[in-house]
Amino acid sequence: MPKGKVETKEIERVQEQTIWAMKHLPWNKFLIVLAMVELCPGQIEKALTLVETTAAIIGLQQYFRSGCVFFLYSNGRTHYELRDKLTLVRLSKTMSQNTVTSATLNTGKGDVSLKYLRCQKNRPVNVLTSDDQNMMLSLKEMATQPHFARSVWLMLLSVGTEIDTFFSDIDVPVDSEFVVAHRPEDYVQLTEVYRVRNGYPLQKQVFGEINAGNKVLNLTDIGFYERRNNLHGLIMEAVTIQDNPYTSIAKNPDGSAIVTGGFFGLVWKEFENKLHFRTNFTYLEEKSYTYEVNDKTDPFAKMVYDVHLKKYDIGVAAFRCVNERAKIVEYTYIMHRSKFVIVLKPADNEDMAWNHFFGPFQPSLWFGLISCILVIAGCLSLFYYVGQRLAYPEYETPKQYTFAISIFYVFSMFCQQGHDVTPKSCACRLVYWLGYVTAVVVLAAYSATLISFLTIQNKEPHVKTLEALAADGTYKLGMIRHYVRIVKNDVDHGITNEIYDKIIEPDPNNIVDTNLEGFRRVCTTKYAFWTSLEAVKEVGDLVNCNIALLSYSYVFMLGMVVTDNNPYRRLLNYQISRMQSGGVLRKHKLDSWAAHVPEAQNMWTSVSVGQITPLLTILSGGVAISLALLLTEMVASWWQHRQTERKNAWSGIINKT
């Protein structure tokens, strides 16, 4: 039978026994017990009354917005057993009156499975109604279960029992919320207890008090993460690796390792400062590639496996978030998204230079600009003609602004050129002014776009996609040795086995040791390099060629790994969220990448001859056309002069005859 059904039947059995006891118990003996209780007022007046117990339970239930309450009791008590069962019934009745779902459960020998203690909404409040030896043993066993922190715990401590004594051998996890209700003096106090780790001192802090007058519970307004912002010098065991720009490692004189920088290293230092703990690092050497885990030569797999075996509390490195690892360890929140790209040398875009000069304006705007020149020239010619004929014939020089000449003048306006003759009429001058204003605006817009086109050059490769790269056959694809394990073990990146076998594996030189070596091969051969975008920022300016990115990307989610059910994961995730919202993560990213990005050798963006080919073509074409026109005019003049001479010669002959 499933364990959940067994637990449910156990709860129902206890409730039935309680109801039976209410109906069949000998009440004369019960009165004797009550009389004996009355004879011991000194002890009872210091114990929690039903009203105070109810106030504590209802107060916690409302504070944590819990959906239900479980009363856990031990059947090992002999004194006042009848009174205890009666109290459970009265407490259950009080919970029902306050519309709170409740149930009672016998802890037995500590074999209660906490994963079945669940509410329909939110987490439950588990009330420990006794502090006898059996309950102590049961609590010690339950505190080791992974679902312990998913409940809110309340212990009703008897008079004479000290908190330190009861919890001397019980490890209450730091991520749990365990409250003890006791009466230190003449009032009821709620004290929260936990340990940062087994064997460390028990931490206690006041969580609330029950008002002695109106029996109302007053709880603290300090949140959980503020109450857990101090791990009291805990020494955490961590494993790490040298992996710039994510983690930078240095060695102390005694041989121990310390994280000095890198993005994850800087974030980890923030954790240590904010949570007040220290770290004992274990450093995997560069030869860590010889480690084999499950037939995989992978230092990160080695670290994950060691964390899974609880040799370390956490792995401080940039671990990819993959489902296979999530089955044996847990991840912190995502700390960085690393985008992987394929870098290759761009195509020679000299044939695209014309696009640089015609690209700033769309074709419709070019047609509009030509139309604007024609309209302004037409207005100038029309106003000149009408004014000369009707208004002021003596003002303007005859045939000064014909339509052909006006087009030349307006074109010179758009080229920001002056003119030799100023029109005298106001209408023509207004047309000139409007033409110059339009020309200034259009020229400014064109110049700004053209400059940006020439400065920020969009380089495009010969091939556009990964499939086209594989089909091309002339390119080789490679990566640094560190990433080969990713390509072989992960199919989500898009590099299939066929692509790997065809353009990566045949040549061992395709696998390089550093990003700089890979970028240099991109510049000298037909070589495509699979690397991260951070590497492009790091060494992209150190090579003497332009690079282009394939229309391909693969994003890695990076975080740290912790042991399964790690009690510190919740605290670390909260710190990551705060640093994310406060911009601290972004600052550390900029700092860590800036520390590893060398200064560029040349900060200038040079313009090649090919990019001004259109200008040289227009200039050469203009010179050629000018020479052609000059030759044409010379031939025409020579021909006209010859015809004139012939005509004169014939005229002289005719006159003589």
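Our structure is the block above this text.
Residues numbered from 1 in each chain as written. Predicted model: local features only at pLDDT ≥ 70, side-chain atom pairs only at ≥ 80, totals over all residues. Heavy atoms only, no water.

*Asks:* Would you mind showing me how to read the state of the cysteines here?
*Replies:* Should the sulfur atoms of two cysteines be covalently bonded, the bond is a disulfide. A full pass over the atoms with the stated rule returns one disulfide. Linked covalently through their sulfurs, C68 and C119 form a disulfide whose S-S length is 1.8 Å. Because the torsion about its S-S bond is -80°, the bridge between C68 and C119 counts as left-handed. Placement of C68 in strand β1 (residues 68-73) and of C119 in the loop between β2 (101-106) and β3 (125-128) is noted, with a sequence separation of 51 residues between them. The class for C68 is buried, based on a relative accessible area of 6%. Just so you know, C372 is unpaired, no disulfide at all, and the nearest cysteine sulfur is the one on C379, 9.5 Å from it. Overall, C372 belongs to the partly exposed group, its relative accessible area being 24%. (Disulfide = S-S within 2.5 Å. Helix = DSSP H or I, 4+ residues; strand = E, 2+ residues; numbered from the N terminus. Buried < 20%, exposed > 50% of the residue type's maximum accessible area, 1.4 Å probe, protein only.)

*Asks:* Help me out: how do you make sense of the side chain of H182 in this one?
*Replies:* When you line up the elements, H182 lands in strand β5 (residues 177-182). Of the polar contacts made by the side chain of H182, one reaches the side chain of T191; its length is 2.9 Å. Excluding anything up to four places from it in sequence, H182 contacts L48, L157, I163, Y187, V188, Q189 and T191. (Polar contact = N/O pair within 3.5 Å; in protein donor to acceptor, adjacent residues only side chain to side chain. Contact = heavy atoms within 4.5 Å.)

*Asks:* Where do I start with the nonpolar core in this structure?
*Replies:* Buried together is how nonpolar side chains tend to be arranged in soluble globular proteins. F167, F178 and W530 are the most contacted members of the largest nonpolar core, which totals 101 residues. Ranked by residue count, the leading element in this core is helix α9 (residues 263-275), at six residues. If sequence neighbours within four positions are ignored, F167 has contacts with L139, M155, V172, F178, V180, V193, R195 and L202. (Core = buried A, V, L, I, M, F, W, Y, C linked by side-chain atoms within 4.5 Å.)

*Asks:* I'm lost on a nonpolar patch on the surface in this one. Help?
*Replies:* Taken together, the side chains of L619, V623, L627, L630, L631 and M634 present a nonpolar region at the surface, about 590 Å² in accessible area. Mapped onto the elements of the fold, M634 is located in helix α23 (residues 613-656). (Patch = residues over 30% accessible without salt bridge, like charges linked within 9 Å, V, L, I, M, F, W, Y side chains within 5 Å. Areas by Shrake-Rupley, 256 points an atom, 1.4 Å probe, with all protein chains shown as cover. Salt bridge = Lys/Arg side-chain N within 4 Å of Asp/Glu carboxyl O.)

*Asks:* When you look at the sheet that holds strand β6 (residues 188-194) in this model, what are you seeing that I'm missing?
*Replies:* Note on sheets: strands pair through backbone hydrogen bonds, and any given pair is parallel or antiparallel. Pairing is mixed across the open sheet formed by eight strands, whose spatial order is β2-β1-β3-β4-β5-β6-β7-β8. Pairing within the sheet leaves two strands with one partner each, and these edge strands are β2 and β8 (217-219). The mean angle between the axes of side-by-side strands here comes to 25°, regardless of whether they run parallel or antiparallel. Strands in contact with helix α4 (residues 50-63) are β1, β3, β4 (152-156), β5, β6, β7 (203-210) and β8; relative to β8, the strand with the most contacts, it is inclined by about 40°. (Pairing = 2+ DSSP bridges. Axes fitted to C-alpha atoms, helices over the stretch in contact; angles between N-to-C directions.)

*Asks:* Before we go on, may I ask you to explain helix α6 (residues 133-142) in this structure?
*Replies:* Note that an α-helix has 3.6 residues per turn; residues three or four places apart therefore point the same way. Of all the residues in α6, the buried ones are M135, S138, L139 and M142. The arc that holds the buried residues of α6, viewed along the axis, is 100°, so those residues lie on one side. In this fold, the buried residues of α6 make contact with β1, β3, β4, α7 (163-166) and β5. Where α6 begins, the capping side chain belongs to D132, and its oxygen is found 3.2 Å from the backbone nitrogen of N134. (Arc of directions from axis to C-beta.)

*Asks:* Explain the side chain of Q61 to me, please; I cannot follow it from the model alone.
*Replies:* Mapped onto the secondary structure, Q61 falls in helix α4. For Q61, the side chain forms a polar contact with the main-chain oxygen of S66, separated by 2.8 Å. In this view, Q61 contacts S66, V69, V100 and V125; residues no more than four positions away in its chain are not counted.

*Asks:* Sorry, what's going on with unusual backbone geometry here?
*Replies:* The phi angle of most residues is negative, glycine excepted, and most peptide bonds adopt the trans form. The phi dihedral of H232 falls on the positive side, at around 55°, and the residue is not glycine. Along the chain, H232 turns up in the loop between α8 (224-227) and β9 (234-241).

*Asks:* Please explain the environment of Y554 as it appears in this structure.
*Replies:* Within the fold, Y554 resides in strand β22 (residues 554-562). Along the primary structure Y554 and V341 are separated by 213 residues, whereas in three dimensions their C-alpha atoms are 6.8 Å apart.

*Asks:* I tried to follow the pairing of strand β10 (residues 248-251) on my own but got confused; where do I start?
*Replies:* Side-chain direction in a regular strand flips from residue to residue, so the side chains alternate between the two faces of the sheet. As judged from the four bridges shared by β10 and strand β11 (residues 257-261), these two strands associate in the antiparallel manner. If you follow I249 over to β11, its bridge partner there is V259. Between the end of β10 and the start of β11, which pair antiparallel, lie five residues, with G255 showing a positive phi angle near 95°.

*Asks:* Honestly, the pattern of salt bridges in this entry has me stumped. Any pointers?
*Replies:* The full count for this structure, using the stated rule, is 14 salt bridges. Between R228 and E192 there is a salt bridge, with the nearest N and O atoms lying 2.8 Å from each other. Here the residue R228 occupies a position in the loop between α8 and β9, and E192 occupies one in strand β6, the gap between them amounting to 36 residues. The closest approach of N and O atoms between D306 and K311, which form a salt bridge, is 3.7 Å. Looking at D306, the relative accessible area reads 4%, which means it is buried. We classify K311 as partly exposed; its relative accessible area is 48%. A single network of salt bridges, built from pairs that share partners, joins R123, E177, E192, R227 and R228.

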